[in-house]
Amino acid sequence: MMQPLESIEPLGHAIAMLLPGIAARADEIEQTRHLPADIAQSMAKAGAFNILRPKSLQGLELTPMEMVAVLHAIARAEASAGWCAMIGSTTALNAAYLAHDVAKEIYSDPHSITGGVFAPMGRADDMGDHYVVSGRWQWGSGSANCDWLSGGAMIFKDGELQRFDNGAPYHRMMIFPADQAELLDTWHVMGMKGTGSGDFTVKDIIVPKERSVSLIADKPVEPGALYQFPIFGLLALGVASVALGNAAGALDEIEALAKAKKPQGGQRSLAERGVVQTELMRAQAKLGGAEAYLRECVEACWHGATTRGELSPEERALLRLAATYATESSAEVAKTAFTIGGGSAVYMTSNLQRRFRDAHVATQHIATASSVYELVGRVALGLPTDLAML
């Protein structure tokens, strides 16, 4: 059972009040292809983008399972809104790695919205006390409503690519005001249409060195147990939370449809058919099992963070495994709901087809893609593994 939203106060009540209105505007969100500004601002005022920021910066600093509950609830209402909340929340984790005075400039407004892309698609030339940054980043979810953006960039000095000690290319996240970037209309996709995850680009902007972080080499300066969780693990957990919420929304839709719909030529509703009852309960059990496994793994990791101040490689792998399995299982549940819906589900007026499409886009995120099984499998089997992305 997912943690009740109302148990997370005062945030839970504020979020809950927004959900019916967000759900009612699902068509608009999808057609706009980004989260409408008034919805984004309402979510920001409720605290949806502030859940992982440090308390020292007026953040809520929720526990990982509280984060799951919040993102799950928003995505259950509308998946793209949940995704934008997830990206805004996880990119704000940068605050835990910055000097406090620098972080305060960017993250101290509890209603601000941040976004960004970790992948090092940019170039940053080291000029001593600052970088000169250019680049174009894909998958800039929620960028249209952001105050600050960040993008990964390869570091060059005197024209030479810099490297980590292990020889891998050295890159850092560059953080800059959103108005320094140009947003490109590239988000023409099958699902998660309302996330506005198009490209953004910058050209020769100045980024002070203190406004950059390496999520691989740097250590968090914030002391809270939350920041002992690996950022990539929290990102994967965020993706899984949205996927689980979307799947729960798909089951809500098919249960309502099954009670109301009578197949052509039939006298009984879908709900009265044995095959529907069977498949629906299989889906409920699959979703409940994935949620339970996720909770078990997160709680084990939280115990490590709160008692030892760190997560072992095995715990990091466990977190990624549970998040990946939850995302995959959620897509299977959404497919079941879509299939049960029959011909009604194929129309664009049906939320079931949207839930199906959104679920399968979520499975493509690198943090929860099928390749994660191989990564965590190497850890489980004791094989040499690059833990930087774990």
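The rules behind these values
- Residues numbered from 1 in each chain as written.
- Predicted model: local features only at pLDDT ≥ 70, side-chain atom pairs only at ≥ 80, totals over all residues.
- Heavy atoms only, no water.
- Phe/Tyr/Trp six-rings, centres within 6.5 Å; stacked < 30°, edge-to-face > 60°.
- Helix = DSSP H or I, 4+ residues; strand = E, 2+ residues; numbered from the N terminus.
- Buried < 20%, exposed > 50% of the residue type's maximum accessible area, 1.4 Å probe, protein only.
- Lys NZ or Arg CZ within 6 Å of the ring centre and 35° of its normal.
- Pairing = 2+ DSSP bridges.
- Patch = residues over 30% accessible without salt bridge, like charges linked within 9 Å, V, L, I, M, F, W, Y side chains within 5 Å.
- Areas by Shrake-Rupley, 256 points an atom, 1.4 Å probe, with all protein chains shown as cover.
- Salt bridge = Lys/Arg side-chain N within 4 Å of Asp/Glu carboxyl O.
- Lys, Arg positive; Asp, Glu negative; His and termini not counted.
- Charge placed at Lys NZ, Arg CZ, Asp CG, Glu CD.
- Core = buried A, V, L, I, M, F, W, Y, C linked by side-chain atoms within 4.5 Å.
- Contact = heavy atoms within 4.5 Å.
- Expected span 1.5 Å × (residues − 1).
- Axes fitted to C-alpha atoms, helices over the stretch in contact; angles between N-to-C directions.
- Parallel < 35°, antiparallel > 145°, perpendicular 65-115°, else oblique.
- Left-handed = near helix turned anticlockwise from the far one by under 90°.
- Nonpolar A, V, L, I, M, F, W, Y, C, P; charged D, E, K, R; others polar.
- Polar contact = N/O pair within 3.5 Å; in protein donor to acceptor, adjacent residues only side chain to side chain.

### Details of the packing of aromatic side chains
Okay, step 1: Tallied over the full model, the rule gives eight aromatic pairs.
Okay, step 2: Aromatic pair F118 and F232: ring centres 4.8 Å apart, planes at 75 degrees, arrangement edge-to-face. Taken together, the residues F118 in strand β1 (residues 114-126) and F232 in helix α7 (residues 231-260) connect sequence positions 114 residues apart.
Okay, step 3: The class of F118 is partly exposed, set by a relative accessible area of 21%.
Okay, step 4: Relative to W187, the ring of W139 has its centre 5.8 Å away and its plane inclined at 75 degrees; by these criteria the two rings are edge-to-face. Pair noted here: W139 is in the loop between β2 (130-137) and β3 (148-157) and W187 is in the loop between β6 (182-183) and β7 (200-208), with a separation of 48 residues, a long-range link.
Okay, step 5: Judged by relative accessible area, W139 falls into the exposed class, the value being 53%.
Okay, step 6: The residue whose ring lies beneath R123 is F156, and the NZ or CZ to ring-centre distance is 3.8 Å.

### Structural notes on the pairing of β2
Okay, step 1: Pairing geometry for β1 and β2, over five bridges, is antiparallel. Bridge pairing links D125 to V132 in β2.
Okay, step 2: Where β1 folds back on β2, the antiparallel hairpin that results is connected by three residues, among which G128 adopts a positive phi of roughly 105 degrees.
Okay, step 3: As judged from the seven bridges shared by β2 and β7, these two strands associate in the antiparallel manner. Directly across from G135, in β7, lies its bridge partner V202.

### Details of a negative patch on the surface
Okay, step 1: On the surface, a cluster of negative charge is made up of D101, E105, D129 and E210.
Okay, step 2: Within the secondary structure, D101 sits in helix α6 (residues 100-107).
Okay, step 3: Relative accessible area serves as the criterion here: at 58%, D101 is assigned to the exposed category.

### Thoughts on the nonpolar core
Okay, step 1: One finds M43, I74, Y107, V133, M174 and F176 to be the most contacted residues of the largest nonpolar core, which totals 119 residues.
Okay, step 2: Considering every element that reaches this core, the biggest residue donor is α7, with 17 residues.
Okay, step 3: In this structure M174 touches A124, Y131, V133, L149, S150, G151, A153, I155, V207, R211 and S212, once residues within four positions along its chain are discounted.
Okay, step 4: Residues A317, V376, V379 and L390 belong to the second largest nonpolar core, which totals five residues.

### Some points on the pattern of salt bridges
When their charged atoms lie close together, side chains carrying opposite charge are able to pair.
Okay, step 1: This structure, assessed with the given rule, holds 14 salt bridges.
Okay, step 2: Here E332 and K286 are joined by a salt bridge, their closest N and O atoms 3.0 Å apart. Taken as a pair, E332 in helix α9 (residues 313-341) and K286 in helix α8 (residues 274-307) lie far apart in primary sequence, 46 residues in all.
Okay, step 3: Assessed through its relative accessible area of 36%, E332 is described here as partly exposed.
Okay, step 4: Owing to a relative accessible area of 32%, K286 belongs among the partly exposed residues under this scheme.
Okay, step 5: What emerges from the salt-bridge pattern is a single network uniting D27, E30, R354 and R357.

### A few points about the environment of L62
Okay, step 1: Among the structural elements, L62 can be located in the loop between α3 (37-46) and α4 (64-77).
Okay, step 2: For the pair L62 and D204, spaced 142 residues apart in the sequence, the C-alpha separation amounts to 37 Å.
Okay, step 3: Those residues within four positions of L62 in sequence are excluded, and the remaining contacts are I8, L11, I51, L52, M67, V70 and L226.

### Digging into α7
Okay, step 1: For α7, with 30 residues, the first-to-last C-alpha span of 44 Å sits near the 44 Å given by 1.5 Å per residue.
Okay, step 2: Counting buried positions over the 30 residues of α7 gives 23, a clear majority of the element.

### Topic: the side chain of T324
Okay, step 1: Note that T324 resides in helix α9.
Okay, step 2: Setting aside its immediate chain neighbours within four residues, T324 contacts A367, T368, A369, V372 and Y373.

### Points about the packing of α4 against α7
Okay, step 1: The interhelical angle for the contact between α4 and α7, taken along N-to-C directions, is 40 degrees, at an axis separation of 7 Å. Judged by the angle between their axes, α4 and α7 are oblique. When the axes of α4 and α7 are compared, the crossing they make is right-handed. Taking contact as the criterion, the partners of P64, M67, V68, L71, H72, A75 and R76 in α4 are, on α7, L234, L237, G238, S241, V242, L244, G245, N246, A248, G249 and D252.

### Quick word on the packing of helix α1 (residues 11-24) against α4
Okay, step 1: Close contact between α1 and α4 brings their axes to 8 Å; oriented N to C, the two are set at 15 degrees. Here α4 runs roughly parallel to α1, going by the angle between their axes. Along this stretch, α1 crosses α4, giving a crossing that reads as right-handed. Counted together, L11, I15, L19 and A23 of α1 and V70, A73, I74 and A77 of α4 form the full contact between these two elements.
Okay, step 2: Across the contact of α1 with α4, the residue classes tally to eight nonpolar, no polar and no charged.

### Let's talk about the side chain of S212
Okay, step 1: As for its placement among the helices and strands, S212 is situated in strand β8 (residues 212-213).
Okay, step 2: A polar atom in the side chain of S212 sits 2.8 Å from the backbone oxygen of K209.
Okay, step 3: Those residues in contact with S212 that sit more than four places away from it in its chain are L98, Y131, R172, M173 and M174.

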